[in-house]
Amino acid sequence: ALFGKFAAAGAFAVVFVYVAELFPTSLRNVAMGMSSTAARASIIVAPFVVMLTQVSQQLPWLLFGSFGFMAAFCTMLLPETLGRSIPESLDDCK
């Protein structure tokens, strides 16, 4: 349980750093707000997923695991930001 809390806190912190580097200045506040909202909504829903054990014992594990793998796969599709300047406008993103 402690490792899970540590991993969740680390992922939550990384989202703020990476989103700030990925989006241009004109959209950065909106992107940060949407990322924060999505993270907090998932935190609210997570305890209710555990109640799916009434349907099947494996269902919460499968659901959490599949979302974790989907997030890891989608993260690998994001561009590398090392050595790049932070985009100032939408034209800089292309």
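Please refer to the structure placed before this passage.
Residues numbered from 1 in each chain as written. Predicted model: local features only at pLDDT ≥ 70, side-chain atom pairs only at ≥ 80, totals over all residues. Heavy atoms only, no water.

Asks: Help me out: how do you make sense of the overall build of the protein chain in this one?
Replies: Within the protein chain one finds three helices and zero strands. Each helix (α) and strand (β) of the protein chain, taken in turn from the N terminus, gives the series α-α-α. Taken over the C-alpha trace, the protein chain has a radius of gyration of 16 Å; the compact-globule value for 94 residues is 12 Å, which it surpasses by more than 25%. Considered along the principal axes of its C-alpha atoms, the protein chain spans approximately 50 × 25 × 20 Å. Buried residues in the protein chain amount to 13% of all 94 residues. Taking as baseline every contact in the protein chain between residues at least 6 positions apart, the subset at least 24 positions apart corresponds to 55%. For the protein chain, the exposed surface amounts to about 7500 Å²; the carbon and sulfur share of it is 74%. (Helix = DSSP H or I, 4+ residues; strand = E, 2+ residues; numbered from the N terminus. Rg over C-alpha atoms; globule rule 2.2 N^0.38 Å. Buried < 20%, exposed > 50% of the residue type's maximum accessible area, 1.4 Å probe, protein only. Contact = heavy atoms within 4.5 Å. Areas by Shrake-Rupley, 256 points an atom, 1.4 Å probe, with all protein chains shown as cover.)

Asks: Teacher, can you tell me more about the environment of Ala11 here?
Replies: Within the fold, Ala11 resides in helix H1 (residues 2-22). Sequence spacing of Ala11 and Ala39 is 28 residues, and the spatial spacing of their C-alpha atoms is 9.6 Å.

Asks: What exactly am I supposed to notice about the packing of H1 against helix H2 (residues 25-49) here?
Replies: When two helices pack together, their arrangement is captured by the angle between the axes and the distance separating the axes. Relative orientation of the contacting elements H1 and H2 amounts to 160°, with a least axis distance of 10 Å. Comparing the axis directions of H1 and H2 gives the class roughly antiparallel. As for how H1 packs across H2, the hand of that crossing is right-handed. Residues Phe12, Val15, Phe16, Val19 and Ala20 of H1 touch H2, and the partners they reach there are Arg28, Ala31, Met32, Ser35, Ser36, Ala39 and Arg40. Taken together, the residues of the contact of H1 with H2 break down into eight nonpolar, two polar and two charged. (Axes fitted to C-alpha atoms, helices over the stretch in contact; angles between N-to-C directions. Parallel < 35°, antiparallel > 145°, perpendicular 65-115°, else oblique. Left-handed = near helix turned anticlockwise from the far one by under 90°. Nonpolar A, V, L, I, M, F, W, Y, C, P; charged D, E, K, R; others polar.)

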